[in-house]
Amino acid sequence: MASDLLSIARSGVQAAKIGLDLTAQNIANASSTGYVRRSANFREVAQTGGANRIGDLSLSGVRLDGIVRNADAFRQAEVRRTGSDVARASAEVTALQNIESAIEQSGVFEAIIDFESSLQQLTQDPVDTSLRASVIEKARTMVGTFQIAGQEMDAAGEGMRFLAGDGVTQVNRIAQELARTNTRLARASDASSDQTALLDQRDTLLEQLSTYGNIATTFGTDGQVAVKIGGASGSDLVVGNSAASVSMATAADGTISFDVGGTPLTLAGGSMAGQQLALTKNAQLKADLDTLVDNMVTDVNAAQTGGDDLDGNSGTAIFSGNSMATLTLVATDGRKIATAPAGSAPRSRDASNLTAIRTALAGVDPAGTMDAILFDVSGTLAGRNVTLGALETIADTAKVALSAQSGVDLDQEAVNLVRFQQAFQASGKVMQVASDIFDTLLAIR
Amino acid sequence: MSTIFGTSTAAFYERSLMNLNALRSQAEETQAEMSSGQRLQRSSDDPVAASRLRQLARADVFDAIDTTATNRATTDLTLTDNAMSQMTSFVTRLQELATQAASATLSDSQRAGIGEEVAQIRENLVSLANTRDGAGNALFGGESAGDAYTLDAAGNASYIGTGQAGTISLGGGQAVSRGLTGPEFLQFQSGGASVDLLTITKTLADALTSGTGGAAAANGALAALGDGLNAITTAQTVVGSRLNWIDLNTDRRTALSEQRTTEKTEVGGADLTESIARLQNTMLVLEASQASFSKLANLSLFSVLR
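Residues numbered from 1 in each chain as written. Chains lettered and ligands numbered in written order. Predicted model: local features only at pLDDT ≥ 70, side-chain atom pairs only at ≥ 80, totals over all residues.

1. Side note on the overall build of chain B
For step 1, the next point in the chain: Each helix and strand counted, chain B has eight helices and six strands in total.
For step 2, the next point in the chain: In chain B, the succession of α and β elements from N to C terminus is α-α-α-β-β-β-β-α-β-β-α-α-α-α.
For step 3, the next point in the chain: Taking 19 Å as the expected radius of gyration for a compact globule of 306 residues, we find that chain B reaches 39 Å, considerably beyond that expectation.
For step 4, the next point in the chain: With respect to the principal axes defined by its C-alpha atoms, chain B has extents near 140 × 30 × 30 Å.
For step 5, the next point in the chain: Across the 306 residues in chain B, those meeting the buried criterion constitute 30%.
For step 6, the next point in the chain: Counting only contacts in chain B whose residues sit at least 6 apart along the sequence, the fraction spanning at least 24 positions is 68%. (Helix = DSSP H or I, 4+ residues; strand = E, 2+ residues; numbered from the N terminus. Rg over C-alpha atoms; globule rule 2.2 N^0.38 Å. Buried ≥ 20, exposed ≤ 12 C-beta atoms within 10 Å, placed from the backbone. Contact = placed C-beta atoms within 7 Å.)

Spelled out as C-alpha cells, the structure:
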C-alpha cells in the first residue's frame, strides 16, 4: 500500500475525533448508573515490505482497534457479593427493629409488673374491693398489651412476607431481562459500542439481582452470562436465553421458603435471605410469648379455682386462651378473685389462696421470661447491627474501588479532551504540510 | 473510611456524601441522648443495660407497693398503740375506783355509785377492744371479718376473732405483724390463773352495784387490775418495737432505692458533659468536612483549562 501523507493525516484526524467523541460520551455519562468508562484502543496501520523490498516505507496511519470497557470482573464480583451480604443484613436488621418495637413498645413487660404488683398490694387487705378492682384492671391492661404485641408481630411478619414476595417478583423480572440481554449479546459484534452498552446493562442487572439473593456467575467469551441463584452450588436461574422462575411458599407459622422450578432454594445473601431469617426469628419469638401466655393462664387459673372468692363461692378462671391472640379476661369483677382458701365464709380475710395464686405466678415468672424474650430480640438486633456496620464498610469500599476503576474521572477526561484536541490540530497541520509539499512540487518550473 | 487515589468523580461525591451522612447521624444520636437524658433509645442499643434497667424498674414498682404496705402497717400499729394508751388510762381509773370501793368507810349505796362508773368504764373498754383499723376491720380481731368481741344477753364479752393478727410484707422478704389480737393483752396471768380484763371488770361492776360484798370484791380485783395494767403496757412495748422494726425497714428501703436510682443513672442515663463534648467534637469535624468538601468540589481542571 502506498504511503500517502494526506491519508495518514486523515486517519489521524479521524482517530482524534473518535477520541474526542469518547471523551464527550464519558463526560456526559459521568453520573449515569452502571456506566463504565470507555477508552479507545488505537492501532498503527503499517505494512511490512514484500519480498526483496524490506527497506520500503509502508505507513498508512492509525485505526480504531476497539472500544475498551474499563470493567474489572473481579471488582464487579466483589461488589455483587458484598452487596448481597449488606442487603441480607439490612433487611434482617430492619425486620428485627420492627419486631423489637412490636414487643417493647406494646408495654407488655410493664403491664406484667403492674399485674404482679397489684396482686402483692391486694395482700395488704384482701377484702378491699378497690384493690380487687385494681387487680382486674391491671389484668385487663396486661391482656390488652399481649394482644397488641401479638397483632404488631403479625403485622411485622406480614410486611416482611410482602417484601420477600416483591423480591421474588423482581428476581424473576431481572432473570427475564438477563436472558434477553444474553440473546442480544450473542448477536452483537465484538468491541462495538452496541456490545459495550449491552455489557453495561448486563452488569447493572447482575448488581440489582445480587441485592435480592446471592448469585454465582459464569461469563461466556461473547459476554453472555449464566447465573446460579443461591451461590455456586445453587440452582440455575439464567442459562443462555432461558430464565427459570423463583417462587415462594408460606408455612403455617409465617415462615417462608423459596424454590426454583420446584427445587428448594437456600439463600445465603440478599434481602430475601434477610427476610427469611427475620421471619424465622419472628415465629420463634411468637412461640415463646405464646408459651408464656399459655403457662400463665393455666397456672393462675388452676390456683384461682382452688380457692373461694369474696362472696364465698369457689373461684372461677380469670383468663382464657392459650396464645397472645386468643388471650382474654374472663373475670370482670374484682369480687371474683379467689383470695380465700376453699370452704371459707364470705368476706374472709384469710389470704392463703392469694398467696397460692402469687406463688403460681412466681413459678411462671412472667416478668423474668418477658425480660429474657426482650433480651433475646434486642441482643440479636444489637449483634446484627454490628455485623451490618462491618458489612457496609466492606461493601462501600468494594463499591468505591470499582467506581474508582470503572467510573469517570472528570479531571482525566479534561486532560484527554486537551490531548485529542491537540492530536486533531497536529493532524490538521500534517495535512497543511502535505498540501504545502504538493504546492512546492507544482511550483517547480 | 477508605481513601483511594485516582478515583472517579462519581466515587468522590459518593464517598463525601457517605462521610457527611455518618457524621450527621452521629451528631443527631448525641442530640437525642441529650434531649431525652437517656443513653438508650431502644433495648438493642445496649441489651444488657436495658435488661438491668427493666429489673430496676420492676424493683421500683414493687418498692412503691412496699411503701404503701409500710404506711398501712404504721397506721394500724399506731392506732393499736393509741387504743392501748386509752385502755391504760381507763385501767388506772379502775384501780382508783377499786381502791376507793375497797375502803370500809363507804356505804353500799356509795359503792353502787362507784359500780355504775366501773360498768361505764367497762363499756368503754369493750368498745375500745372493738376499735376498727384504717381499712374498717376490727383492730384487735385478728383476721376477723366483723367485730373482735361480742356481748351476750347478760353482757358477758367473748372473743370471736381469729387466733392471730395478719402479717404485712415490708419488702425484701421482711414482714411485720400488723397488730395484736384482743386475748394477747386482755388475757393475762393473775394469782396463778388466766383471767380476762373484760370479765374481771364485769364481775367487779356487778359486785359493786349488787350492794353486798362489794368491798371484798374490790379488794380482790386490785391485784388483778395491776396485772392487767402490766399486760397492756407490755403489749405496748411490743407494738413500739414493731414500729421500730418498720422504721428500720423503711431506712433500708430508702437506702436501696437511692442505690437503684444511682445505678439507673449510671447504666441508662446520659452523661451531659460527655455528650456535649462529644457533640462539639462531632460538629467540629462535620464543619471541617463540609468546608473541605466544598473546596475539593470546586477543584476542576475544566475551570483551569482555557
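On we go.
2. Looking at the overall build of chain A
For step 1, the next point in the chain: Scanning chain A for helices and strands turns up nine helices and 13 strands.
For step 2, the next point in the chain: For 445 residues, the compact-globule estimate of 2.2 N^0.38 gives 22 Å, and chain A exceeds it by more than 25% at 38 Å.
For step 3, the next point in the chain: Counting only C-alpha atoms and orienting by the principal axes, one finds that chain A spans roughly 145 × 40 × 25 Å.
For step 4, the next point in the chain: Taking all 445 residues of chain A together, 42% fall into the buried category.
For step 5, the next point in the chain: Long-range pairs, those at least 24 residues apart, make up 74% of the contacts in chain A with a sequence separation of at least 6.

3. Side note on unusual backbone geometry
All names here are of chain A.
For step 1, the next point in the chain: A positive phi is found at Arg347, a non-glycine position, where the angle reads about 55°.
For step 2, the next point in the chain: Along the chain, Arg347 turns up in the loop between strand 13 (340-341) and helix 7 (352-364).
For step 3, the next point in the chain: Owing to 16 C-beta atoms within 10 Å, Arg347 belongs among the partly exposed residues under this scheme.
For step 4, the next point in the chain: With a phi angle near 50°, Asp365 is a residue other than glycine that sits in the positive phi range.
For step 5, the next point in the chain: Turning to its location among the elements, Asp365 is positioned in the loop between helix 7 and helix 8 (366-406).

4. Here we look at the packing of helix 4 (residues 129-187) of chain A against helix 5 (residues 193-212) of chain A
Residue and element names in this part refer to chain A.
For step 1, the next point in the chain: At a closest axis distance of 10 Å, the pairing of helix 4 and helix 5 adopts a crossing angle of 160°. Judged by the inter-axis angle, helix 4 sits roughly antiparallel to helix 5. Here the hand of the crossing between helix 4 and helix 5 comes out left-handed. Facing helix 4, whose interface residues are Gly167, Gln170, Val171, Ile174, Glu177, Leu178, Thr181, Arg184 and Leu185, helix 5 presents Gln195, Leu198, Gln201, Arg202, Leu205, Gln208, Leu209 and Tyr212.
For step 2, the next point in the chain: Along the lines of polarity and charge, the residues of the contact of helix 4 with helix 5 split into eight nonpolar, six polar and three charged. (Axes fitted to C-alpha atoms, helices over the stretch in contact; angles between N-to-C directions. Parallel < 35°, antiparallel > 145°, perpendicular 65-115°, else oblique. Left-handed = near helix turned anticlockwise from the far one by under 90°. Nonpolar A, V, L, I, M, F, W, Y, C, P; charged D, E, K, R; others polar.)

5. Observations concerning the nonpolar core
For step 1, the next point in the chain: Core analysis: the largest hydrophobic core is formed by 86 residues, its most contacted members being A:Ile99, A:Ile103, A:Ile112 and A:Leu178.
For step 2, the next point in the chain: Apart from the residues within four sequence positions on either side, A:Leu178 is in contact with A:Arg202, A:Leu205, A:Val225, A:Val227, A:Val238 and A:Ala243.
For step 3, the next point in the chain: The next biggest cluster of nonpolar side chains, apart from the first, holds 49 residues, and it includes B:Ala83, B:Leu186, B:Leu208 and B:Ala221. (Core = buried A, V, L, I, M, F, W, Y, C linked by C-beta atoms within 7 Å.)

6. Remarks on the sheet that holds strand 4 (residues 225-229) of chain A
Residue and element names in this part refer to chain A.
For step 1, the next point in the chain: Strands sit in the order 3-4-5-6 across an open sheet of four strands; the sheet is antiparallel. Of all the strands in the sheet, the pair left with one neighbour each is strand 3 (215-219) and strand 6 (242-243).
For step 2, the next point in the chain: With five bridges joining them, strand 3 and strand 4 adopt antiparallel strand pairing. Along strand 4, the bridge assignment pairs Ile215 with Ile229. (Pairing = 2+ DSSP bridges.)

7. Considering the interface of chain B and chain A
For step 1, the next point in the chain: Taken residue by residue, the interface counts 36 residues in chain B and 41 residues in chain A.
For step 2, the next point in the chain: Those elements giving two or more residues to the side of chain B that touches chain A turn out to be helix 1 (9-36), helix 2 (47-102), strand 3 (167-171) and helix 8 (301-304) of chain B.
For step 3, the next point in the chain: Here the side of chain B that touches chain A gets twelve residues from one element, more than from any other, and that element is helix 2 of chain B.
For step 4, the next point in the chain: Class assignment of the residues belonging to the side of chain B that touches chain A gives a composition of 16 nonpolar, 14 polar and six charged.

8. Description of the packing of helix 2 (residues 73-105) of chain A against helix 6 (residues 271-305) of chain A
All names here are of chain A.
For step 1, the next point in the chain: The contact between helix 2 and helix 6 brings their axes to 6 Å, and the two run at 25°. Accordingly, the angle class assigned to the pair helix 2 and helix 6 is roughly parallel. The handedness of the crossing between helix 2 and helix 6 is right-handed. Together, Ala87, Arg88, Ala89, Ser90, Ala91, Glu92, Ala95, Leu96, Ile99 and Ile103 of helix 2 and Ser271, Ala273, Gly274, Gln275, Leu277, Ala278, Lys281, Asn282 and Leu285 of helix 6 make up the contact between the two elements.
For step 2, the next point in the chain: Here the contact of helix 2 with helix 6 is built from residues that sort into eleven nonpolar, five polar and three charged.

9. A short note on the pairing of strand 4 (residues 174-177) of chain B
Residue and element names in this part refer to chain B.
For step 1, the next point in the chain: Bridging between strand 3 and strand 4 involves four bridges; their strand directions are antiparallel. Bridge pairing in strand 4 links Gly171 to Gln174.
For step 2, the next point in the chain: Counting the residues in the hairpin turn of strand 3 and strand 4 gives two residues, including Gly172, whose phi is positive at 65°.

10. Overview of the sheet that holds strand 8 (residues 256-260) of chain A
Residue and element names in this part refer to chain A.
For step 1, the next point in the chain: Read from one edge to the other, the open sheet built from three strands follows the order 7-8-9, with strand pairing classed as antiparallel. Edge strands, defined here as strands with exactly one partner in the open sheet, are strand 7 (246-250) and strand 9 (263-265). Taking each pair of neighbouring strands and ignoring which way they run, the sheet shows an average axis angle of 40°.
For step 2, the next point in the chain: Of the strands in this sheet, strand 7 and strand 8 touch helix 4, which is tilted by about 165° from strand 7.

11. Observations concerning helix 6 (residues 214-268) of chain B
For step 1, the next point in the chain: Between its terminal C-alpha atoms helix 6 of chain B stretches 77 Å, which fits the 81 Å expected from 55 residues at 1.5 Å a residue.
For step 2, the next point in the chain: Along its length, helix 6 of chain B shows its largest kink, about 30°, at B:Leu222. (Expected span 1.5 Å × (residues − 1). Bend = angle between axes of the 7 residues up to and from the residue.)

12. Details of the pairing of strand 8 of chain A
Residues and elements named next belong to chain A.
For step 1, the next point in the chain: Note that strand 7 and strand 8 share five bridges and pair antiparallel. Paired with Thr250 across the strands is Ile256, a residue of strand 8.
For step 2, the next point in the chain: Counting the residues in the hairpin turn of strand 8 and strand 9 gives two residues, including Gly261, whose phi is positive at 50°.

13. Quick look at the environment of B:Ile65
For step 1, the next point in the chain: By the element assignment, B:Ile65 lies in helix 2.
For step 2, the next point in the chain: Dropping the residues within four chain positions of it, B:Ile65 is found in contact with A:Ser117, A:Gln120 and A:Gln121.

14. Things to note about the environment of A:Asp65
All names here are of chain A.
For step 1, the next point in the chain: Positionally, Asp65 belongs in strand 2 (residues 59-69).
For step 2, the next point in the chain: The spatial distance from the C-alpha of Asp65 to the C-alpha of Arg43 is 5.7 Å, given a sequence separation of 22 residues.
For step 3, the next point in the chain: In contact with Asp65, other than residues within four places in its own chain, are Asn41, Phe42 and Arg43.

15. As for the confidence of the model for chain B
The predicted coordinates should not be examined in detail at positions where pLDDT is low.
Residue and element names in this part refer to chain B.
For step 1, the next point in the chain: For chain B, the average pLDDT comes to 88, and 98% of its residues sit at 70 or higher.
For step 2, the next point in the chain: Of all the helices and strands in chain B, helix 8 carries the lowest mean pLDDT, 82, while helix 2 carries the highest, 92.
For step 3, the next point in the chain: The ipTM, which scores confidence in the relative placement of chains, is 0.78 for this predicted complex, and the corresponding pTM is 0.82. (pLDDT = per-residue confidence, 0-100.)

16. Thoughts on the environment of A:Asp190
Residue and element names in this part refer to chain A.
For step 1, the next point in the chain: Relative to the assigned elements, Asp190 resides in the loop between helix 4 and helix 5.
For step 2, the next point in the chain: Overall, the presence of 9 C-beta atoms within 10 Å leaves Asp190 in the exposed class.
For step 3, the next point in the chain: On a C-alpha basis, the gap between Asp190 and Gly66 in space is 8.3 Å, while along the polypeptide they are 124 residues apart.

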